[in-house]
Amino acid sequence: MIWFVLLFCGLALAQDQTTGLSTDSGQCLTDICELGKMLNAMSETLNALKTRMSDSETKLRESENQIRGLMNKETTRVAFSAALGGSGGNFGPFNTEITLIYKTVKTNIGNAYNSATGIFTAPVAGVYYFTFFYNANRGQKLLLELHKNSEKIISVIELNSDTDSDDNGGNAVFLQLQQGDQVYVRMMENSHIYGGDYYTTFSVFWSLKCEIGH
């Protein structure tokens, strides 16, 4: 419509010049052309407003997606608990230190624990609570260490004593982890523990709601 008005203005002015219309008629045509220019400017402004509205809608959708992501993250849980497994009885001693592989998985919410390697890999950054417990037979020594990546964090020890009965023990720690950090239990050389599905365990828990105090 706007382009039609402008085209009409151009044709009308050309006709005015060739036919010698009166000054009033020429002024009228000029007013129509000015109106066409105003309509064209209004159309450009409207298009600019549409573009801004489209950008605002895009940003609004992005914000909504971020909010949904945060809401989903708030309900995220990471928890696992596994026992050493096997048929029971002594496990070890060995002449070198090893990473314990807890094969009997009780819980693995978030699938962050690998029962083939014994390694827990943090899926998200946060503060995690780790525990590990053991059973040791009489007359055997034991040294277990909890590692974060290659760093020793905490340990438990059981000394050899002929007068000592079977022992249970363990340790626990809160760890600040980044995504991808790995945590595992190492058993030192010449150590032993008691296997099975109930006695020697490794566990972790993380919850965003717990972290933010909900």
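The structure this text deals with has already been given above.
This is a predicted model, so every value here is computed, not measured. (Residues numbered from 1 in each chain as written. Predicted model: local features only at pLDDT ≥ 70, side-chain atom pairs only at ≥ 80, totals over all residues. Heavy atoms only, no water.)

Student: I would appreciate a short explanation of the packing of aromatic side chains in the present structure.
Tutor: For any pair of aromatic rings, the description rests on two quantities: the centre-to-centre distance and the angle between the ring planes. Summed over all chains, the structure comprises 14 aromatic pairs. Here the aromatic rings of Phe91 and Phe94 are separated by 5.3 Å at their centres, their planes lie at 70°, and the arrangement is edge-to-face. Here a set of aromatic residues connected by ring pairs shows up, and it is made of Phe80, Tyr102, Tyr113, Phe120, Tyr128, Phe130, Phe202 and Trp206. (Phe/Tyr/Trp six-rings, centres within 6.5 Å; stacked < 30°, edge-to-face > 60°.)

Student: Looking at this model, I keep getting lost on a nonpolar patch on the surface. Mind explaining?
Tutor: A surface patch of nonpolar side chains, about 380 Å² in accessible area, is lined by Val127, Tyr129, Phe174 and Phe205. By the element assignment, Tyr129 lies in strand E6 (residues 126–136). (Patch = residues over 30% accessible without salt bridge, like charges linked within 9 Å, V, L, I, M, F, W, Y side chains within 5 Å. Areas by Shrake-Rupley, 256 points an atom, 1.4 Å probe, with all protein chains shown as cover. Salt bridge = Lys/Arg side-chain N within 4 Å of Asp/Glu carboxyl O. Helix = DSSP H or I, 4+ residues; strand = E, 2+ residues; numbered from the N terminus.)

Student: What am I meant to see in the pattern of salt bridges here?
Tutor: It is possible for side chains of opposite charge to pair when their charged atoms get near one another. Applying the stated criterion across every chain yields a total of 2 salt bridges. Between Glu97 and Arg186 there is a salt bridge; the shortest N-O distance is 2.9 Å. Here Glu97, found in the loop between strand E1 (77–91) and strand E2 (98–99), pairs with Arg186, found in strand E10 (residues 182–187); they are 89 residues apart in sequence, far enough to count as distant. We classify Glu97 as partly exposed; its relative accessible area is 30%. Look at Arg186 and you get buried, because its relative accessible area is 17%. Its salt-bridge partner being Glu145, residue Lys152 comes within 3.7 Å of it at the nearest N-O pair. (Buried < 20%, exposed > 50% of the residue type's maximum accessible area, 1.4 Å probe, protein only.)

Student: Just to check I follow, could you spell out the nonpolar core for this structure?
Tutor: For soluble globular proteins, the rule of thumb is that nonpolar side chains tend to be buried together. Core analysis: the largest hydrophobic core is formed by 31 residues, its most contacted members being Leu100, Phe120, Tyr128, Phe130, Leu144, Leu146 and Phe202. When contributions to this core are tallied by element, the ones reaching two or more residues are E1, E6, strand E7 (142–148), strand E8 (151–158), strand E9 (167–177), E10 and strand E11 (193–207). Residue contributions to this core peak at 5 residues, all from E6. (Core = buried A, V, L, I, M, F, W, Y, C linked by side-chain atoms within 4.5 Å.)

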